[in-house]
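This is what each chain is made of:
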Amino acid sequence: MGNIIKAMNYQIKNDKVTYFCVLLSVFLSCSNLVGCDLSEVTGGSFISMAGDMTALLPMFVILILSVRICGWDYTDKTINYEILAGHHRRDVYFARAVLAIVWSVLICLVCMLVPVFIFTAINGWGDTMEFKGMMLRFALSFFPMLRITSQYILLVFLTRNVYISWGAGYMATMFSMMINMMIKEFLSFEFTWHFSSSNLMKIFTFNQSLGYVNNEDVVICQTSLESSFVAGTIVASLVISLICIGFGYIFFKKSDIS
């Protein structure tokens, strides 16, 4: 499996889609800075301004990149060459699954955190939110990102087609977000850890209040999270990820890719 990972890492590093995902991540992370006085943007206020965009970033970047990594060899059937060369199907599958998770989640976290640290280094963290609490939220976001990636991995090995997986993944994400908004509007019930999309939205949504700091009115974002939500996020993400990756392997093991 090590040789497959090395070969695929080389492909990923030289793939235009990877650079597109990095650029898309940077654009989504910084899109709310238009028209802002950058000298007044602190690390905390940057996160507050980004809002829902911080949650939307991994949903689409992970979709594009994980499907590309797992499915790009299906189009020209080159995935079959690895098996014909003597590699076990287990190694072929898990090399792709591991790289999809590592590259997708890493790019998202780096592109979300780098602007935060840059503005913190220049203008300080500020009084908008607690630093420790926000870093814990970023750490918690790893779990729904893992869940999203695993779901897309399963989708690729079910459809065996990059373009179908991209389309189906996008529609599924939009549908889950729409269902959550409709149920919240009409039934006054909010999905939190139940969907990966609602999970990320909840992590990067803050209860806000008006505070008074250094003789100025400041919007304060609460970063604390309920223990039930944290536990639900971790357990649901790990269980669903294991199920998706496991079923993905079963389908790949039994599928005809010649």
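These numbers come from a predicted model, not from an experiment.

Trainee: I tried to follow the side chain of R96 on my own but got confused; where do I start?
Mentor: Summarising the element assignment, R96 is placed in helix α6 (residues 89–123). Residue R96 is classed as buried on the basis of its relative accessible area, which comes to 0%.

Trainee: Would you mind going over the nonpolar core with me for this structure?
Mentor: It is characteristic of soluble globular proteins that their nonpolar side chains tend to be buried jointly. Among the nonpolar cores identified, the biggest contains 72 residues, and I47, M59 and M134 are the most heavily contacted of them. For this core, the element with the most residues is α6, which contributes 17 residues. Ignoring any residue separated from it by four or fewer positions in sequence, one finds M59 in contact with I148, Y152, T173, M177, S197, L200 and M201.

Trainee: Help me understand the environment of S45 in this model?
Mentor: Inspection of the secondary structure assignment puts S45 in helix α3 (residues 43–50). Considering only alpha carbons, one finds S45 and S31, 14 residues apart in sequence, at a separation of 14 Å. Beyond its immediate sequence surroundings of up to four residues, S45 is in contact with E40, W125 and T128.

Trainee: Please explain the pattern of salt bridges as it appears in this structure.
Mentor: Oppositely charged side chains can pair when the atoms bearing their charge come close. Counted under the stated rule, the structure contains 2 salt bridges. Between R68 and D15 there is a salt bridge, and its shortest N-O distance comes to 2.9 Å. One end of the pair, R68, is in helix α4 (residues 52–75); the other, D15, is in the loop between α1 (2–13) and α2 (16–30), with 53 residues separating them in the sequence. Here R68 falls in the partly exposed class, since its relative accessible area comes to 23%. The class of D15 is buried, set by a relative accessible area of 9%. Its salt-bridge partner being R90, residue D91 comes within 3.8 Å of it at the nearest N-O pair.

Calculation rules
Residues numbered from 1 in each chain as written. Predicted model: local features only at pLDDT ≥ 70, side-chain atom pairs only at ≥ 80, totals over all residues. Heavy atoms only, no water. Helix = DSSP H or I, 4+ residues; strand = E, 2+ residues; numbered from the N terminus. Buried < 20%, exposed > 50% of the residue type's maximum accessible area, 1.4 Å probe, protein only. Core = buried A, V, L, I, M, F, W, Y, C linked by side-chain atoms within 4.5 Å. Contact = heavy atoms within 4.5 Å. Salt bridge = Lys/Arg side-chain N within 4 Å of Asp/Glu carboxyl O.

That is the geometry; function is a separate question.
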